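# Per-entry structural report
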Amino acid sequence: MTSTQSRYHDVYASWKSDPVRFWEEAAREIDWIKPADKVFDAEAGAYGRWFVGAECNTCHNALDRHVAGRGDQAAIIYDSPVTGTKRTLTYAELRDEVATLAALLQDLGVEKGDRVILYMPMIPEAAVGMLACARIGAVHSVVFGGFAPKELATRIEDAQPKLILSASCGIEGARVIPYKPLLDEAITLSTAKPEACLIFQRPQLAASLVEGRDRDWSEAVAGVRAAGRQAECVPVAATDPLYVLYTSGTTGKPKGVVRDNGGHMVALKWTMRHFFGVEPGEVFWAASDVGWVVGHSYIVYAPLFHGATAILYEGKPIGTPDAGAYWRVIAEHGVVTMFTAPTAFRAIRKEDPNATLLKGHDLSRFRALFLAGERADPDTIKWAESVLNVPVIDHWWQTETGWPVAGNPIGLGALPVKYGSPTVPMPGYVLDVLDENGKPVPPDTMGSIVIKLPLPPGCLPTLWNADQRFREAYLSVFPGYYTTSDAGYLDQDGYVWVMGRTDDIINVAGHRLSTGGMEEVLASHPAVAECAVIGVKDALKGEVPCGFVVLKSGVNRPPAEVETELVGLVREKIGPVAAFKLAITVGRLPKTRSGKILRGTMKKIADGDSWTMPATIDDPMILSEIGEALRGRGLAG
Ligand code: COA
Ligand code: AMP
């Protein structure tokens, strides 16, 4: 479809002329227990609140409301090449499982507003756990399995969960990763302790249970089932929290992004048809993990709100068993639309550049590929287009927004593609680009990308127990705007170009990580005097972290030995997901005369980009030393 046929401009204009009416109409797609007194209350919350006074239940909208017409339709298809398992849960079966687990959670003392942490691999029980919390008004907080005990402990400390749901192990390719020892260590490290843990024992590995605290998931559920008990949906306020999802901030302390119930449902439901172009009953696949926002929004919630079928895939794009894994899943389950991070396609392309493994797979039902989570490089998009022969859509959003800020809305009719740009803002978002003084810059000029307040439904109303941090981090930087911490520009046609972060967040294989957090870990090593971590370009993962350390004077150990320890320390304290494999010892770090480390210039040198000597540099010689050290490791091109 060409731009003249796209309804995007009309729909965006109609939203802009009356945002409240737009979202009021979108809200008709949701079953409310009590409608809102005010669709938008500008006086409430940090920038206003959506659907104030409304009562609803997220689990009802995901499951119960569909059981009448779609009871026998697949709600979730679990496909796990790493265990050789496939399992389909219909809407009726999933509702039944969720209502039973929800009754068990109530038995364990979980009430509306209580937090429940999930530290789970990609198995159906993870989704069942999230939905069971939603059913009884408990607030779930899923922690990605690739995080180390210390990171999990920080989240336990902050969320103070009454209960933790976990499993005996995760499976990473061919490796079985015991989760239970990580959970036990995290609980030991945290001063806040859960009252109970429910552990799903997987056949690949049995976990030992702590007496008095841990319960066997399957046994406990069987008990509730035998008693014939199920929990009904508990009414909650639209503005009550549905979940807290921790994401990397600029320090080692993650930010607990809060998602409410009402706005979340309205926004996600809207995106399924109008953005992704998916109809109820169709199969939608987000190849991510429930530990990330993509997993929350597009593995679990949005497809279910929409009456679609979601795929829950436990595997990798390559190696499980090969680079044809995605094609098999698409063909076998009749996927119409898939969503993943560009890094997955870079991995497939590297293994199978001519996509020979596509042969024999019937992809005739497949209509579009969506990429997000990191910048989609034009090369990867073009390769995917050429092998799949369907539109490949780059779209841009964040944990904080919960749904796409900008993209090419296939559901409204696609706009012309500009490679490297995630296209245009969605209804709900007015984007501006500001200079450091907060003044809008002309088109095609780089600056900070900001969203005009108020944020639309579904975006975070605040941070968990940290209203002040929320205001300071997002709302006070440029008054009247939400700051995305992304840098880029708007072009003459209103397309947005997202080029990088303005803070110390890096994107490693689509995973959001804080270099500040890694620096805290490196600095804790007794031999390290000072350090700097930057993200350097990587052909597969987009970016990987690289740490520079200056050893304390008097430390006479071989630098290589310390570097190995530092790599191990980041893995131990943050987790394998950080992919921290490169620590480089240098004599000094380049700084400005006021003592600020020149990370930006170091990054340009490491990436082999052109760079200029900063006027404020203290000692220009240090940059050539850095370049030399990088070349010694095969970097700096
Ligand atoms: N539990 C435990 N460990 C985990 C984990 C989990 N849930 N997820 C990842 N890890 C580990 C990996 O095993 C790996 O450990 P290693 O250093 O011992 O090999 C490390 O964390 C890094 O994982 P990952 O970033 O997945 O790298 P990889 O080299 O294993 O795979 C890709 C690279 C590109 C195949 C992979 O990143 C991928 O499939 N990406 C898809 C995109 C995606 O899921 N994005 C999420 C946001 S949309
Ligand atoms: P996360 O909160 O993990 O979803 O990460 C959000 C960040 O990832 C954004 O702020 C961007 O820096 C980056 N990002 C996500 N999608 C895109 C995209 N399509 N293009 C460029 N950057 C992106």
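Residues numbered from 1 in each chain as written. Chains lettered and ligands numbered in written order. Predicted model: local features only at pLDDT ≥ 70, side-chain atom pairs only at ≥ 80, totals over all residues. Heavy atoms only, no water.

### A word on the site of ligand 2
- Around ligand 2, a shell composed of 14 residues is seen, among which Asp394, Thr399, Asp486, Arg501 and Arg512 lie nearest.
- Arg501 is positioned with one of its side-chain polar atoms (N or O) 2.7 Å from an oxygen atom of ligand 2.
- Within the side chain of Arg512, an N or O atom sits 2.7 Å from an oxygen atom of ligand 2.
- Burial of ligand 2 by the protein chains amounts to 93% of its free accessible area of 490 Å².
- Here the shell around ligand 2 is built from residues that sort into three nonpolar, five polar and six charged. (Near = heavy atom within 4 Å. Polar contact = N/O pair within 3.5 Å; in protein donor to acceptor, adjacent residues only side chain to side chain. Areas by Shrake-Rupley, 256 points an atom, 1.4 Å probe, with all protein chains shown as cover. Nonpolar A, V, L, I, M, F, W, Y, C, P; charged D, E, K, R; others polar.)

### Section: the pairing of strand 6 (residues 115–119)
- Within strand 6, five of the five residues are buried, leaving the element largely enclosed by the surrounding structure.
- Because side chains alternate across strand 6, one face comprises the buried residues Arg115, Ile117 and Tyr119, and the other comprises Val116 and Leu118, equally buried.
- Of the strand pairs in this sheet, strand 6 and strand 7 (residues 139–142) are connected by four bridges, and their pairing is parallel. What sits directly across from Val116, in strand 7, is His140. (Buried < 20%, exposed > 50% of the residue type's maximum accessible area, 1.4 Å probe, protein only. Helix = DSSP H or I, 4+ residues; strand = E, 2+ residues; numbered from the N terminus. Pairing = 2+ DSSP bridges.)

### Structural notes on unusual backbone geometry
- In this chain, Thr320 is followed by Pro321 through a cis amide linkage whose omega measures 0 degrees.
- With respect to the secondary-structure elements, Pro321 resides in the loop between strand 17 (309–313) and helix 11 (325–333).
- In the segment running from Leu453 into Pro454, the intervening peptide bond is cis, with an omega of 5 degrees.
- With respect to the helices, strands and loops of the structure, Pro454 is situated in the loop between strand 24 (447–452) and helix 14 (467–475).
- Even without a glycine there, the phi angle at Ala355 is positive, about 50 degrees.
- The class for Ala355 is buried, based on a relative accessible area of 7%.

### Examining the UniProt feature "domain: AMP-binding enzyme C-terminal" (unreviewed entry) in the protein
- Look at the UniProt record and you will see "domain: AMP-binding enzyme C-terminal" (unreviewed entry) annotated at residues 518–596.
- Annotation note: span residues 518–596, helix share 27%, strand share 32%, distance between end C-alpha atoms 18 Å. (UniProt positions renumbered as here; feature names shortened; annotations may be inferred.)

### Structural notes on the UniProt feature "domain: Acetyl-coenzyme A synthetase N-terminal" (unreviewed entry) in the protein
- When the UniProt feature table is mapped to this numbering, "domain: Acetyl-coenzyme A synthetase N-terminal" (unreviewed entry) covers residues 8–62.
- End-to-end, the C-alpha atoms of residues 8–62 are 27 Å apart, and along that stretch the chain is 42% helix and 18% strand.

### Comments concerning the sheet that holds strand 24
- Taken together, the four strands give an open sheet; going across it, the order is 23-24-25-26, and neighbouring strands pair in antiparallel fashion. Two strands in the sheet have a free side with no partner beyond their single neighbour: strand 23 (431–434) and strand 26 (496–501). Here the strands of the sheet are splayed against their neighbours by 50 degrees on average, with no regard to which way each runs.
- The pairing of strand 25 (residues 481–490) with strand 26 spans five bridges and is antiparallel. (Axes fitted to C-alpha atoms, helices over the stretch in contact; angles between N-to-C directions.)

### Digging into the site of ligand 1
- In the vicinity of ligand 1, 23 residues are found, and the nearest of them are Glu172, Arg175, Lys316, Pro317 and Arg571.
- In this structure, a nitrogen atom belonging to ligand 1 sits 3.0 Å away from a side-chain N or O atom of Tyr179.
- His511 places a polar side-chain atom, nitrogen or oxygen, 3.3 Å from an oxygen atom of ligand 1.
- Considered class by class, the residues forming the shell around ligand 1 number eleven nonpolar, six polar and six charged.
- Counting the residues that make up the shell around ligand 1, at least three belong to each of domain 1 (8–315 + 395–488) and domain 2 (509–631). (Domains from an automatic or database assignment.)

### Structural notes on the packing of aromatic side chains
- Using the criterion set out here, one finds 36 aromatic pairs in the structure.
- With a centroid separation of 5.9 Å and 75 degrees between ring planes, the pair formed by Trp23 and Trp403 is classed as edge-to-face. Taken together, the positions of Trp23 in helix 2 (residues 19–26) and Trp403 in the loop between strand 20 (392–394) and strand 21 (406–407) put the pair 380 residues apart, joining distant regions of the chain. Just as Trp23 is buried, Trp403 falls in that class too. (Phe/Tyr/Trp six-rings, centres within 6.5 Å; stacked < 30°, edge-to-face > 60°.)

### Side note on helix 17 (residues 599–607)
- Buried within helix 17 we find Thr601, Met602, Ile605, Ala606 and Asp607.
- Against the buried residues of helix 17 lie strand 29 (528–538), strand 30 (542–551) and helix 18 (621–632).
- Within two residues after helix 17, Gly608 carries a phi angle of roughly 75 degrees, on the positive side. (Contact = heavy atoms within 4.5 Å.)

### What about the sheet that holds strand 18 (residues 335–340)?
- Pairing is mixed across the open sheet formed by seven strands, whose spatial order is 5-4-17-16-18-19-20. Unpaired on one side and paired on the other, strand 5 (85–90) and strand 20 mark the two borders of the sheet. Strand-to-strand twist of the sheet, defined as the mean angle between neighbouring strand axes without regard to direction, takes the value 20 degrees.
- Bridging between strand 19 (residues 368–371) and strand 20 involves three bridges; their strand directions are parallel. When the sheet's bridge partners are listed, Phe370 is paired in strand 20 with Ile393.
- Most of the contacts of helix 5 (residues 124–136) go to strand 5, to which it runs at about 30 degrees, and overall it touches strand 4 (74–80), strand 5 and strand 17.

### Examining the pattern of salt bridges
- A complete count under the given rule lists 44 salt bridges for this structure.
- The salt bridge involving Asp37 is made with Lys34; its shortest N-O contact spans 3.1 Å.
- Classification of Lys34 as partly exposed rests on a relative accessible area of 31%.
- Across the pair Arg328 and Asp79 runs a salt bridge, and its minimum N-O distance is 2.8 Å. One end of the pair, Arg328, is in helix 11; the other, Asp79, is in strand 4, and 249 residues separate them in sequence. (Salt bridge = Lys/Arg side-chain N within 4 Å of Asp/Glu carboxyl O.)

### What about empty space enclosed by the protein?
- In the structure shown here, the tally under the stated rule is two cavities of 30 Å³ or more.
- Reported here for the largest cavity is a volume of approximately 60 Å³.
- Ile381, Val392, Ile393, Asp394, Asn408, Val417, Lys418, Tyr419, Ser421 and Thr423 together form the lining of the largest cavity.
- By residue number, the principal contributor to the lining of the largest cavity is strand 20, which donates three residues.
- Counted by class, the lining of the largest cavity contains five nonpolar, three polar and two charged residues.
- Around the second largest cavity, the lining residues are Tyr47, Gly48, Arg49, Trp50, Asp260, Pro456, Pro457, Gly458, Cys459 and Pro461. (1 Å grid on protein atoms, 1.4 Å probe; cavity = no way out; pocket = protein on both sides within 12 Å on 5 of 7 lines; lining within 4 Å. Points joined across faces, edges and corners; volume = space filled by probe spheres on them.)

### Details of the nonpolar core
- Grouped together as the largest cluster of nonpolar side chains are 126 residues, with contacts concentrated most on Trp23, Leu94, Leu131, Tyr298 and Tyr301.
- Filtering out sequence-adjacent residues up to four positions away, Leu94 remains in contact with Leu63, Ala75, Ile76, Leu89, Val128, Leu131 and Leu304.
- Membership of the second largest hydrophobic core comes to 67 residues, among which are Ala159, Val258, Ile574 and Met602. (Core = buried A, V, L, I, M, F, W, Y, C linked by side-chain atoms within 4.5 Å.)

### Quick word on helix 8 (residues 217–226)
- Of all the positions in helix 8, only Trp217, Ala220, Val221 and Val224 are classed as buried. Taken end-on, helix 8 shows its buried residues confined to a sector of 100 degrees, consistent with a single buried face. The exposed residues of helix 8 that point more than 90 degrees off its buried face are Glu219 and Ala226.
- Considering only its buried residues, helix 8 is in contact with helix 4 (91–107), helix 5, strand 8 (163–167), strand 11 (196–200) and strand 12 (214–216).
- A side-chain oxygen of the first residue of helix 8 lies 3.1 Å from the backbone nitrogen of Ser218; this N-cap is Asp216.
- Looking one or two residues past helix 8, Gly228 carries a phi angle of roughly 70 degrees, positive in sign. (Arc of directions from axis to C-beta.)

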